[in-house]
Each structure stands twice: as C-alpha cells, then as structure tokens.
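# Notes for the structure review
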Amino acid sequence: MRYLLYTLIFSLGCSNIYAGVIKGKVTDTKKEPLPYATIYLEGTTIGVNANGIGDYELSIGPGTYKVVCQYIGFRQSSFNITIAGNETVEHSFELKEEHLEMKEVVIRASSEDPAYPIIRNAIKRRKFHLEQVKSFQTGIYFKGVMRSRQLPDKFMGQKIKTADLGVDSVGKGVLYLTESEADYYANGDKEKTIIHSVHESGNPNGLGFSRFPSVITFYENNVNIFGKTSRGYISPISENALNYYKYKLLGSFEEQGHKIYKIKVTQKRLYEPCFNGTIYIVDDEWGIHSLNMSLAKQSGLDMVDTLKVDQVFLPLQKDSWVIKSQILYFTIKFMVFDITASAVAVYNRQKLNEAIPDSVFAGKIVSQYDKTANKKDTSHWQNRPIPLVADEERDFVVKDSINLIINDPKYKDSVRRRQNKFKPMGLFLGESTYFGKEYKNRFSFNSLLLGLGDDNMLNYNIVEGFNVAPKVRWQHTVDTGKFLIADAAVRYGFSNTHFNAIGRLYYTTRDRTWLNRSWMYGVEGGKYVFQYSPDNPVMQFFNTYRALYYRLNDLKIYERWEAAGFLRRNYGNGLYWFAKASWQQRLPLQNTTYYSISKNKSQAFEDNVPPALQNVASPWEQHNAALIQATISYKPGFTYTQYPDYKVANSSSWPRFSLSYQKGIPDLLGSKTDFDKWKFSVSDDFSMKLFGNLKYNLITGGFLNTGYVSFPDLMHIHGTRGAGYAAPYLKSFQFAPYYAFSNKANLYGEAHIEYHLNGLLSNKIPLLRQARYYLLFGGNAFYTNEHTYYTEAFVGIDNIGWKLVRLLRIDFVQSWDSNMGRNSGFRFGINLNGVETNRNSATESEW
C-alpha cells in the first residue's frame, strides 16, 4: 500500500512537472478577439476560457488530444495534438460565424414562427433536465473584475485620489480584482464550496468571495441572479414562458453530431421581469446548448443598469449537458461614476449523479476555505485557466505596492490626523469622531442639531424648555475582538434648571474563531430624563419643531435615578439572550414653560401627564422600582462560512422567535412596583419570488400580575403623531395617538403585515414602471378586547429614489379604533429593506 501511494504521488507529480502548454489567441475572421471563448479537450469537460482579449493558455499532461474551441454565435474549430513532455505549443483559433440553415417555410398571417414548436418541446423537457441532476460536483476557477470608465475629481466634497485606487488620472482602470480556485458539491438542497486558493489584488490577506455566483439554471421557472430572496426573472423556457416571450428561429447548425437551433428571445411587454437574447436548443434532447441573455431597465432591473449572462454547456453523456462556463457582465452608471464588472467561472472535472459522502455537508458549513487558501505564492498562479490581461497584471503589481504604503505606520498615522481635523458640518450634522494613536481609542460626540438616532445636543420641550444634552462615547480596543466602552450623557434644562448625568461602562468580547459569537456585560448608573415608553416613540428633533411652531408637545418625560447591571450572550447560531437587573427612583416632572413662536394662541399645550395613563396605571408619584428583565431570541436555519481562521454565520430564511419577561419586585430596597409582564413575537421577511415579499411581525403578551403598575411599566404601543414622518415599520402604528392604548391587560395581540409587490402590477402603470417605483400594502392591528383596539390599513409606494439610492417610501394610511377615532393621511419614511434600525439594540438602553 505504501509503495502504491508513493507511486501515485510520484505519477501525479510527474504529470504536473511534465505538463505541456497550449497557448494562443481566439479571434474572428476579421482578427477581432473573441473574449472568454471556451477551449476544451473533446470527450472531456477539461478546458479553459480565453481572457477579455481572446488569449488562452491550456495546461495538459502527455497524450494525444483533440482540442476544441467554441464561442456563442460562431462555428466550432478543432485541431489534434500530441504532447510528449513539457513543451509549449502555440495555436490560434480563427472562428467563422455560424452558417445557419433555414428550411423553407411558408409563413401565413395566422402562422407562428418555427421557433415555437422547438420552445414547446424545451418547456416539456424542462422538468426532466432540472430533476435529472440529483447530485453535482465540479472544480471552479473564478475571476471577478470591477473596472471604472470614469471617476469624478470629488465626491460629496471629498477629493478622490485616483493613485490610491490604482487607476489613471481620468479614473480609468481596475478597481477590484480577485481570483479563486474551488471545488463545489451539491446534493438535493445541500451544497458546499471548498475554496483551495484565493488571490485578491492589493490585499495579501484578502478572501475574495466566499460563495461564487451560483450556476444560474434556466430550467427553473424563476431564475435567481441576485440570490434566493430576490424577486427573480422568468425563464424563457418556464412553464408560462409563452405568455411573456416572443420567439424567432434564426436557423440551425450541426455540431459534433447534434443539431442545434438558434432562437431569438424577446420579451412581449416592457418592464416585466424577462430576458432578451439568444438561446440555443439541442434537437431531440431539447436541452440548453448555450445562451446569451441580457437584462436592462426595461426588464425591471433595479440594482444595476445592464446585466448579461453567457453560458456554455458540454455533453457529458446522452441527454446530459453540464455547465462549462458562465460569465456575468454588469454596468452601473451612478451620478458621475461609470463602472463595469465581470464575473467569470470556468468549470472542470464535472461529475453528475455520483455519490457524495455525507461528511462533505457536515456542520451546516456551506463554504469552507483551506487553511492556506490566501497564502499561495505567485508560482501557484502561473497556469491560470484564464490568462490575465495587461491592466490586470499591472493591477496586481500596483495594488501590492499601494498596500505596502497604506499599511505603513507613518501613513496610517497621517490618515488618522487628517480624520481628526475639526469639521464644522460634523458639529451640526451627524456624529463627530476622533481616533487615538494606532486607532486603539475612539471618541465620538453627538451633533448639535441633527444627530443620528435622534441624538441631538440642542432640543426644546415645555418641561425643560430649551435643553442641551451632549453625549460622548469612548471605545478602547483591548485586543482583537475585545472592547471596553464607556458612554456618558449630561443634560441641562434652562427652564426647569435641572441637571442630569448618567454613564454606562461595558465590555464586549468576540470569539476569535466564531465572529458572530460574543459576550457583553456592563453596568450603568446616574440620573437622566426618560420617556414614559421605553421605545422612545417621540423623536426630540420633531418635537422641538412642533412645540415651537405649532404649540404641540408630544414628548412626555420623567426623571429617574438608576443603578443597573446587564449581560448579553450571542451564540452566533441565531440564538441570543439578554438579562438586566436595575433599581430606579422615578421622579415626576411638570411643565415649566409654554414658550412658542406660533401665533395660534388658542392651541393650548397638553399636560406632561397624559390622562389616558392615569386611567389605567397606579397613581403617578415618586416611587422606587426594583426590576429584572430577560429576553431570549432564536432564528433557526443558520448556515456558516468557515474562513481560514474563523467562522461566520450566514443569513437564514427562517422566522425569528423572541420571548421576553419583566418583573417588578415589591419591598426590595423600598420598591413599590409589583407586576409580571411577558411578550412573545414571531417576525419574518418571506420571499414569494415573482409575487414579491411578505413581511410580518406578530406579537402577543400581557400581565400575569398587576399589583402596582406605574406609567413606564405599562404595555405601550408604538404610536406617532408626527408631521408626516413614518414611525418604524413593522413595529409601530402610523396614526395611533401616544399612550391612548397603553394598558395592563392580561392578554393582548398585535400584528404588523406588509406585502411588497416589488414591481408586480406597477410594471403595468406607465409612470410607476418607468420610475421603477413599487406598490405595497398592508396593515397594523392591536387588540385587547372589544373596548380597546386599534387598526389601520395602508397602501404605498416604495423604492423611491434614483439609481442605486432608493430608500424613500410614502404610504396613505386609514385608521379605525375603539375610541371612534378615524384618521387618514400620508406618511413619509425611509425603507431600509430589513436593516435593523433599533437605536437601543446594543445594550437595550433607553438613552
């Protein structure tokens, strides 16, 4: 056995040592290069692709071969060769355009094009070709390149340094370049990519793409290019394709004993999710031979301007054609940026329906890197399946030089000093951040007027009057993934002359081998101002505006002393929990000023104590509260990517389940609170492919004990009474009055549902389809009993914006409630498509 093993290793080594090389260029008859042409050994799936200017290089061991070159729209060309050792043979291919045969057909007005019977046969065999692949194995070489054709001198006031990007003075050149070699395995709904080597320009530790663009299968009714959660596009051979496409037979040709039909595919109606291009169908087998498909704005394309898909298949056995190469081209024009990109995948050593050990799919790891994947030296990349072109070769050299410069400690320190320069706009808009030496320490301050997360330094309300509320955060890097963080806030009201100060100190540590897994624990204490609802439904910026200009003060606040400790654990697998214990002394506040520049003196300010709360809670008075709370949340179905040194969780398509419990403990340190409150929720964003997305958040909960329930301890729904701005989607009510439905019921239900059509129906409305605005509708509901309920329905338009920036949304909302209230109107907001925007999510803090 040892002798056999040595012999095998030696023979494999010799086959590499004495490998021959065939190299050359692929052009048409006019000497124009044919980019990414396929070159392979007949009778096998071993081969390479030419690069963007038609150059190719194929390494093979000793033997006699027939080398075939093919390119979509051109005749195949081949030649025979014998390789004896490690010689290099140059051979260029000059391909002629396909000579298409067309049978004479009499076309009458009522007749259909000859392409239609062919397409019907392909549709009938679609399911066979889709389901015949029980398992699939292949080697992959992947190269991704992003190039700029134009860059501006400045963007958002910042000068763009083209030299740092590795492009020329006009902004033309390679922005990003990566290449990888991997093996891919698929068996039913299980898949795994094992990446053996990766090379990223300008980043010696770069990891490229952990999951390459999947093989786009046009045998699926719905073709997913941008991932499983996207709406997708209708395949030209889907079950209902004849309702969406027009077909024209351009002719046929013979290739290696197969008759191939070339068919032009055109979408019937603009702005439907359809392709345009050419598809080649194999006679009798009715499978895909190759295709050239494109998407544009008229196809409902949103993220990029144009997208092109080229695929070439090779016969592996009768009735079985396997992917040989797949090329994706993108173009993006945004403002003065002009970007092109290509993602090229070459497949080798394909195996169809052969057994794959279960161990390959163990541990829910869908992508795995070899330990030394990003440590290969330059000699490893000398025999690429796709040779580099001149600007790619230059990019590797230039970006490596740039990397040495930007990682020099002196350069990093000069960048840090520039970042730390005082920026006047940062004082008024956004957050100001300053870094210490080696970025070990970071200091950040809230803005004066328009801060992130409503953290404004200057505000107004009728309890405190004008108030100043600076906040500062210090973050110290202890070690990789370990941080010590301190938050401090002070607040002074010029009318009530109250000074408040509070602080928080906590430590976070992240598992070095599992980046999503972390601990956080800390303490906080001091005295500060809080809203009655811990959700902070009223934005101080808007309250300042409404109070000064309309004599409407929605911000209802109180002061409290607090001492608390908290602990949070994230297991990195969709499960996390949070626990907090606190002691509070709650201090009621009253209005102290009625200043407003509004001329409408008949509009009286409301009291700081909402009447609705007085009717359901214990008397509002100064009191102590001892509280404990815990939350556990779980989202099943996570998969993982195993990088060389650590593991990271991927997103899951399962719902998230959350359960929380809070208890007020009486007689502990003078505490009067006495209650038990629970809440359970299920939320998800469910993709329905062409029919859009369904988002929901279903909640139930209640009180098990109501011995003493104060204002802050009630169950509050997240309402809004703002001037047209929307409250957070999927967890709030757009017209519910603040605190009108606060309660201590033993059971309540809450539901938030949104159906985003993502272009369905709106592609039939001229103005909406051209602007690529999407329709949505849904509702929000709250119910405790027949005397306490609130409901609202809405219809809206989202995806409002321009090019890549499409964050705006507008809804028309109609509400009904148990108080005989009916409201309707418009709400404007920002739709971040599932991005978590909870300001308090880091530490479950209210300030």
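Values in this document were obtained by computation on a predicted structure and should not be read as measured data.

This part is about the overall build of the protein chain. Within the protein chain one finds nine helices and 44 strands. Dimensions of the protein chain, computed from C-alpha atoms along their principal axes, come out at roughly 95 × 70 × 60 Å. Looking at the protein chain residue by residue over its 847 residues, the buried ones come to 49%. Looking at the protein chain as shown, the accessible area adds up to about 40900 Å², and 58% of this sits on carbon and sulfur atoms. A distance of 3 Å separates the average location of the 99 positive side-chain charges in the protein chain from that of its 81 negative side-chain charges.

The next thing to look at is the pattern of salt bridges. Scanning the model with the defined rule gives 36 salt bridges in all. Across the pair Arg504 and Asp487 runs a salt bridge, and its minimum N-O distance is 2.7 Å. Separated by 17 residues along the polypeptide, Arg504 in strand 30 (residues 499–510) and Asp487 in strand 29 (residues 482–493) bring together distant segments of the chain. By the burial criterion, Arg504 is buried, and Asp487 matches it.

Along helix 7 (residues 540–550), the residues classified as buried are Gln540, Asn543, Thr544, Arg546, Ala547 and Leu548. If you follow the buried residues of helix 7, they end up packed against strand 26 (458–461), strand 27 (465–468) and strand 29. After helix 7 finishes, the residue Arg551 shows a positive phi value of roughly 60 degrees.

A few words now on helix 2 (residues 115–131). With 17 residues, helix 2 should reach 24 Å at 1.5 Å per residue; the first-to-last C-alpha distance of 25 Å fits that figure. Its axis deflected by about 40 degrees at Arg125, helix 2 carries its strongest bend there. Of the residues making up helix 2, those classed as buried are Ala115, Tyr116, Ile118, Ile119, Ala122, Ile123, Arg126 and His129. Against the buried residues of helix 2 lie strand 16 (245–255), strand 17 (258–267) and strand 18 (276–282).

The next thing to look at is the packing of aromatic side chains. For the coordinates displayed, the defined rule picks out 45 aromatic pairs. Summarising the aromatic geometry, the rings of Trp620 and Phe711 are spaced 4.8 Å apart at their centres and angled 10 degrees between planes, so their arrangement reads as stacked. On the criterion of sequence distance, the pair formed by Trp620 in the loop between helix 8 (611–614) and strand 34 (623–634) and Phe711 in the loop between strand 39 (693–708) and strand 40 (748–756) is long-range, its members being 91 residues apart. A residue is classified by how much of its surface remains accessible, and Trp620, at 16% relative accessible area, is buried. The ring centre of Phe530 lies 3.7 Å from the NZ or CZ of Arg560, which sits over that ring. Across the ring face of Tyr729, the terminal group of Arg809 is positioned such that the distance to the ring centre comes to 3.7 Å.

This paragraph deals with a positive patch on the surface. Taken together, the side chains of Lys246, Lys248, Lys264 and Lys268 define a basic patch exposed on the protein surface. Checked against the element boundaries, Lys246 lands in strand 16. By relative accessible area, which is 42% here, Lys246 ends up partly exposed.

It is worth spelling out the sheet that holds strand 2 (residues 38–41) at this point. Strand order in the open sheet formed by four strands is 3-2-5-6, and the pairing between neighbours is antiparallel. Lying at the two open borders of the sheet, with one neighbouring strand each, are strand 3 (47–49) and strand 6 (77–83). Across the sheet, the axes of successive neighbouring strands diverge by a mean angle of 20 degrees, strand direction being ignored. Relative to strand 3, strand 2 runs antiparallel, the two being bridged by three bridges.

Our focus in this paragraph is a nonpolar patch on the surface. Where nonpolar side chains cluster on the molecular surface, the patch consists of Phe422, Met425, Leu427, Phe428, Leu429, Leu449, Leu450, Leu458 and Phe541 and spans about 810 Å² of accessible area. Within the secondary structure layout, Phe541 lies in helix 7.

Taking burial as the measure, the 15 residues of strand 12 (residues 173–187) include eleven buried ones, the bulk of the element. Direction of pairing for strand 9 (residues 135–150) relative to strand 12: antiparallel, over a ladder of 14 bridges. Each bridged residue has a counterpart across the sheet, and for Phe142 the counterpart in strand 12 is Ser180. In terms of strand pairing, strand 12 meets strand 13 (residues 190–200) through ten bridges, oriented antiparallel. Directly across from Ser180, in strand 13, lies its bridge partner Val198. In textbook terms, the turn of a hairpin is the stretch between consecutive antiparallel strands, and for strand 12 and strand 13 this stretch comprises two residues, one of which, Gly188, has a positive phi near 65 degrees.

With that settled, consider the side chain of Ser742. Secondary-structure assignment places Ser742 in the loop between strand 39 and strand 40. Overall, the relative accessible area of 7% leaves Ser742 in the buried class. Polar side-chain contacts of Ser742 include one of 2.7 Å to the side chain of His716. In this view, Ser742 contacts Leu613, Val616, Leu714, Met715 and His716; residues no more than four positions away in its chain are not counted.

Soluble globular proteins tend to bury their nonpolar side chains together. Residues Phe218, Tyr247, Ile263, Phe275, Ile279 and Ile288 are the most contacted members of the largest nonpolar core, which totals 65 residues. Take this core: its biggest share by element is six residues, from helix 2. If sequence neighbours within four positions are ignored, Tyr247 has contacts with Asp113, Ala115, Tyr116, Ile119, Pro236, Ala241, Leu242, Ile263, Lys264 and Val265. Ranked by size, the runner-up nonpolar core spans 41 residues in total, among them Tyr528, Trp620, Tyr790 and Phe794.

This brings us to the environment of Tyr245. Its place among the elements puts Tyr245 in strand 16. Separated by 20 residues in the primary sequence, Tyr245 and Val265 place their C-alpha atoms 6.6 Å from one another. Not counting residues within four places of it along the chain, the set of residues in contact with Tyr245 comprises Tyr116, Ile234, Ser235, Pro236, Val265, Thr266, Gln267, Lys268, Cys274 and Phe275. Engagement of the side chain of Tyr245 in a polar contact is seen with the backbone nitrogen of Phe275, the distance being 2.9 Å.

Reading the values: the criteria
Residues numbered from 1 in each chain as written. Predicted model: local features only at pLDDT ≥ 70, side-chain atom pairs only at ≥ 80, totals over all residues. Heavy atoms only, no water. Helix = DSSP H or I, 4+ residues; strand = E, 2+ residues; numbered from the N terminus. Buried < 20%, exposed > 50% of the residue type's maximum accessible area, 1.4 Å probe, protein only. Areas by Shrake-Rupley, 256 points an atom, 1.4 Å probe, with all protein chains shown as cover. Lys, Arg positive; Asp, Glu negative; His and termini not counted. Charge placed at Lys NZ, Arg CZ, Asp CG, Glu CD. Salt bridge = Lys/Arg side-chain N within 4 Å of Asp/Glu carboxyl O. Contact = heavy atoms within 4.5 Å. Expected span 1.5 Å × (residues − 1). Bend = angle between axes of the 7 residues up to and from the residue. Phe/Tyr/Trp six-rings, centres within 6.5 Å; stacked < 30°, edge-to-face > 60°. Lys NZ or Arg CZ within 6 Å of the ring centre and 35° of its normal. Patch = residues over 30% accessible without salt bridge, like charges linked within 9 Å, V, L, I, M, F, W, Y side chains within 5 Å. Pairing = 2+ DSSP bridges. Axes fitted to C-alpha atoms, helices over the stretch in contact; angles between N-to-C directions. Polar contact = N/O pair within 3.5 Å; in protein donor to acceptor, adjacent residues only side chain to side chain. Core = buried A, V, L, I, M, F, W, Y, C linked by side-chain atoms within 4.5 Å.

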